[in-house]
Amino acid sequence: MGLVKTTSVIRLLVLLAVVVSCQQKAGSPEEAAELLISSPKWKIDEIRVNDVATFQNGKMTQQFGGIDFQRYMEVVEIKKGGTFSGVFKGETKPFLLEWKANEKNILVGLPGAKPSPSDWSIAPADVTKESFSMKTQSTAYDYPNVTRIVLRFKAEK
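Note that the structure is predicted; figures quoted are calculated from it, not measured.

Participant: How would you sum up the pattern of salt bridges? Please name residues and give values.
Facilitator: The full count for this structure, using the stated rule, is eight salt bridges. Residue D51 pairs with R148 through a salt bridge whose shortest N-O separation is 2.9 Å. One end of the pair, D51, is in the loop between β1 (42-49) and β2 (52-56); the other, R148, is in strand β10 (residues 147-155), and 97 residues separate them in sequence. By relative accessible area, D51 is classed as exposed at 54%. Residue class for R148 comes out partly exposed when judged on its relative accessible area of 37%. Between E130 and K157 there is a salt bridge; the shortest N-O distance is 2.8 Å. In this pair, E130 is assigned in the loop between β8 (120-122) and β9 (131-138) and K157 in the segment after β10, connecting sequence segments 27 residues apart. In this structure K157 comes out as exposed when scored by relative accessible area, which is 80%.

Here it is, written out as structure tokens:
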């Protein structure tokens, strides 16, 4: 009976270790960058505007009086060397951005441009092997109000 219990406990610990390692978040911008470039493509999973989901399960959800996005990147690629390439819904030509790691996070913005408050930010805590989130805030969508946007991507398999 002791052998059966021991075997069961070992199996449970191995399973727990696998689950934890799959969902482990990056601890630094460098580690986050390695995880991001390890997946060839990332597919959009969710769009949140001011903490409300406006895109989930492959569909846009209408928000009465809210900001509506009809143009978003369905698939992105994050390449070593700083290239962030995304294809907008309904288009085939990639739109190129640039990513750079700093001491706190990864910034995504226009190639060659100085960092801007409207750049997208990827925090290490928002990056795993399976998914990542990038955030921005801007008054461009609902001036003079600040709009917070979070895009969540999942690794494409």
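There's more to say after this.
Participant: A description of the side chain of S39 should follow, citing residues and the corresponding values.
Facilitator: Looking at the secondary structure, you find S39 in the loop between α2 (29-38) and β1. When its relative accessible area of 8% is taken as the criterion, S39 is described as buried. Excluding residues within four positions of it along the chain, S39 makes contact with A155 and E156.

Participant: Outline the pairing of β1, supporting the account with residue identities and numerical values.
Facilitator: Relative to strand β4 (residues 73-78), β1 runs antiparallel, the two sharing two bridges. Looking at β4, one finds that W42 is bridged to V76. Note that β1 and β10 share seven bridges and pair antiparallel. In the sheet register, W42 faces β10, and the bridge partner there is A155. Relative to β2, β1 runs antiparallel, the two sharing four bridges. If you follow R48 over to β2, its bridge partner there is A53. Counting the residues between successive antiparallel strands, the hairpin from β1 to β2 contains two residues, one of them, N50, with a positive phi of roughly 50°.

Participant: Before we move on, can you summarise the nonpolar core with the specific residues and values?
Facilitator: F84, F132 and M134 are the most contacted members of the largest nonpolar core, which has 31 residues in total. In contact with M134, not counting residues within four places along its chain, are F84, V108, W120, S121, I122, I149, V150, L151 and F153.

Participant: An account of unusual backbone geometry is requested, with residue identities and associated values reported.
Facilitator: Geometrically, the link from Y143 to P144 is a cis peptide bond, its omega value of 0° lying close to zero. If you trace the backbone, P144 turns up in the loop between β9 and β10. One non-glycine residue with positive phi stands out, namely D51, at about 70°. Look at N57: it is not a glycine, yet its phi comes out positive at around 55°. You can see N57 is positioned in the loop between β2 and β3 (59-60). With a relative accessible area of 72%, N57 lands in the exposed category.

Conventions used here
- Residues numbered from 1 in each chain as written.
- Predicted model: local features only at pLDDT ≥ 70, side-chain atom pairs only at ≥ 80, totals over all residues.
- Heavy atoms only, no water.
- Salt bridge = Lys/Arg side-chain N within 4 Å of Asp/Glu carboxyl O.
- Helix = DSSP H or I, 4+ residues; strand = E, 2+ residues; numbered from the N terminus.
- Buried < 20%, exposed > 50% of the residue type's maximum accessible area, 1.4 Å probe, protein only.
- Contact = heavy atoms within 4.5 Å.
- Pairing = 2+ DSSP bridges.
- Core = buried A, V, L, I, M, F, W, Y, C linked by side-chain atoms within 4.5 Å.

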